Amino acid sequence: MATTSSPAATPVGSDQRRRRLPGRRPSASTGVAALVGVVSAGLALGVAQLVAALVRPEAAPVLAIGSAFIDRVPPWLKDTAVRLFGTSDKLVLLGSMALVIALLAALAGVAERWRRGAGLALVVLFGAVAVGAAVTRAGAGPFDAAPSVLGFAVGGVALRLLVERLRAADAAADRDTPEAGSPTRRAVLALTAWVAVGAAAAAAAGRALGSAARSAVAARSALRLPAPATPASPVPAGVSNGVAGTTPYLTPNADFYRIDTALTVPSIDPATWSLRVHGLVEEEVEISFEELLAMPMTEERVTLTCVSNEVGGGLAGNATWLGVPVAGVLERARPQAGADMVLSRSSDGFSASTPLGALTDPGRGALLAVGMNGEPLPLEHGFPVRMVVPGLYGFVSATKWVVDLEVTRFADATAYWTTRGWSAEGPIKTASRIDVPKGFAQVARGTVAVGGVAWAQTRGVRAVEVQVDDGPWQQAALAAEDGLDTWRQWSYAWDTSSVGAGPHTLRVRATDGTGQVQTGERAAPAPDGSTGWHSVSVTVQ
Ligand SMILES: Nc1nc2c(c(=O)[nH]1)N[C@H]1C(S)=C(S)[C@@H](COP(=O)(O)O)O[C@H]1N2
Ligand SMILES: [Mo]
């Protein structure tokens, strides 16, 4: 840390000025007090991290406050953040938090220097906020308070001691003949530097001990997935449209879009995982991971889509999922008459409301998935178990890190996003996208290959049409259809000789398997998915 070098430059010159102005608080002392505040906060967070590694990683104060913030911000702010920063939104949040924490910590240091106890009062206040955030997290117990309590206690003691020394140093400097043995500011700075080293050491030790993440990673790499009792049919030849630059038919796990409210990816050791099925059921059921793996597995390809996807956006991906049909698990619990919804909950407090019928219909193919494209689920996609329900947006169906299924009624329970203004149900709307050419591309005269994807999960894509400027809609060529629950690629050979050089607009629309043409009416993603035709502007040279 560079913390010792800059403020330490002050003592010699300012000492003389200080003698001429007795009684006035030297500003250099304020700077040191601010630094002491920041370093004490660092110590508090470092100690808290260390304790959290032993108690529960999610109980670390910064994570707890950040997550509490994510769960409580008004939806418009969250939507704006996602729009502005995309999947970096969490990084931006953590960066902003670091800045705010540093400012508040500096304030606490200055306050303590100004009046004994004033800074400590702030420490107690911030500590209380951290404790509140930690103990109200999903799955939290009283021990979740420990990291914040211990961290802030140690940080508060450090703040008090360092500021007292600073006060003594200032008093000594104010006297013309300092008593022997009274501390100098330089000594206070040196001590502060040592506290900073201690803070870094505590944080590093906490990281090293943060074994939950490592045991989940280790368990994942040790996991051998069972072979499916019902394998997916092979991918038909010709699912690709042959247009270079089109999104690949199957999305590699590393490129699969990721949307969730988790500030850190939950790390679940499958040995401790279980799924509880309860609520309006004849029999409560609890299934361990081992039991789940022993059940007959189904493999199927499903295109997942996020309700937040804008027209033409990339929040959709196609994967081969391996899992246990939800229908079989619910059958064991025997839902009661009158139930019409299953609220699935994750270990981190997210929940989704899925129509019971979509889960009990064995033909629908809803899965408790453990595998994604031939591998165990990646941690960030829900390891060890998530739901996948064809035809429903992720926010009402695709619960990652799922641990609980409550059979209930739409009238009696409300899911995470529904309480934030999104709809309770979310069937995926027919959509189509132009991948090639990209917007604002310069294309050479002649025949231009236009290509993209279209999806209408559970209904299938029957036709795709392309429109150039305000011309007639032209049939695009459809690549082979895999299934009704997957997207379908299309292509269109655009003969530019019929149009002049200069800017032109390409537009696309799909017709689903029921014959319904995708609506051109523009709708924003909230509350139940965007609509409208995707268009790109290109320039013919
Ligand atoms: N636990 C949890 N599961 C979740 C979410 C979440 O925030 N938390 N987001 C949902 C949403 S909105 C979508 S679109 C899908 C995205 O899944 P993916 O990240 O694997 O693409 O996960 C769903 N499952
Ligand atoms: Mo989503």
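Above this text sits the structure in question.
Read on for an overview of the structure. (Residues numbered from 1 in each chain as written. Chains lettered and ligands numbered in written order. Predicted model: local features only at pLDDT ≥ 70, side-chain atom pairs only at ≥ 80, totals over all residues. Heavy atoms only, no water.)

Considerations on the overall build of the chain
- Each helix and strand counted, the chain has 12 helices and 19 strands in total.
- Counting only residues that meet the buried cut, the chain has 50% of its 541 residues in that class.
- Nonlocal contacts in the chain, meaning residues at least 24 apart in sequence, comprise 75% of its contacts between residues at least 6 apart.
- In the form shown here, the chain has an accessible surface area of approximately 23900 Å², with 60% of it arising from carbon and sulfur atoms.
- When the 46 basic and 45 acidic side-chain charges of the chain are each reduced to a single mean position, those positions are 13 Å apart. (Helix = DSSP H or I, 4+ residues; strand = E, 2+ residues; numbered from the N terminus. Buried < 20%, exposed > 50% of the residue type's maximum accessible area, 1.4 Å probe, protein only. Contact = heavy atoms within 4.5 Å. Areas by Shrake-Rupley, 256 points an atom, 1.4 Å probe, with all protein chains shown as cover. Lys, Arg positive; Asp, Glu negative; His and termini not counted. Charge placed at Lys NZ, Arg CZ, Asp CG, Glu CD.)

A look at the nonpolar core
- In this structure, Leu 292, Trp 321 and Leu 368 are the most contacted members of the largest nonpolar core, which totals 74 residues.
- Listed in part, the 23 residues of the second largest apolar core include Val 39, Ala 130, Phe 152 and Leu 166. (Core = buried A, V, L, I, M, F, W, Y, C linked by side-chain atoms within 4.5 Å.)

A closer look at the site of ligand 1
- Looking at ligand 1, there are 19 residues lining it, with Tyr 257, Thr 261, His 381, Arg 386 and Lys 400 nearest.
- One of the backbone nitrogen or oxygen atoms of Tyr 257 is found 2.6 Å away from an oxygen atom of ligand 1.
- One nitrogen or oxygen atom from the main chain of Ile 259 is found 3.0 Å from an oxygen atom belonging to ligand 1.
- Relative to its unbound accessible surface of 530 Å², ligand 1 loses 99% to contact with the protein. (Near = heavy atom within 4 Å. Polar contact = N/O pair within 3.5 Å; in protein donor to acceptor, adjacent residues only side chain to side chain.)

Section: the sheet that holds strand S16 (residues 477-478)
- On the basis of which strands lie adjacent, the open sheet formed by 4 strands has the order S11-S13-S17-S16 and antiparallel pairing. Both outer strands of the open sheet, strand S11 (431-436) and S16, are each paired with one neighbouring strand and no more.
- Strand direction decides the pairing type here: S11 and strand S13 (residues 447-455), joined by 5 bridges, are antiparallel. Counted as the bridge partner of Ser 432 is Ala 454 from S13. (Pairing = 2+ DSSP bridges.)

With respect to the packing of aromatic side chains
- Here the structure, examined in full by the defined rule, presents 9 aromatic pairs.
- Both rings, one in Tyr 416 and one in Trp 417, keep their centres 5.1 Å apart while their planes meet at 75 degrees; by these two values the pair is edge-to-face.
- In this structure Tyr 416 comes out as buried when scored by relative accessible area, which is 5%.
- Accessibility expressed as a relative area gives 15% for Trp 417, which makes it buried.
- Considering the side-chain rings of Trp 455 and Trp 487, the 6.1 Å spacing of their centres and the 40 degrees angle between planes classify their relative orientation as tilted. Within this pair, whereas Trp 455 is found in strand S13, its partner Trp 487 is found in the loop between S16 and strand S17 (488-495), the two being separated by 32 residues in sequence.
- Overall, Trp 455 belongs to the buried group, its relative accessible area being 3%. (Phe/Tyr/Trp six-rings, centres within 6.5 Å; stacked < 30°, edge-to-face > 60°.)

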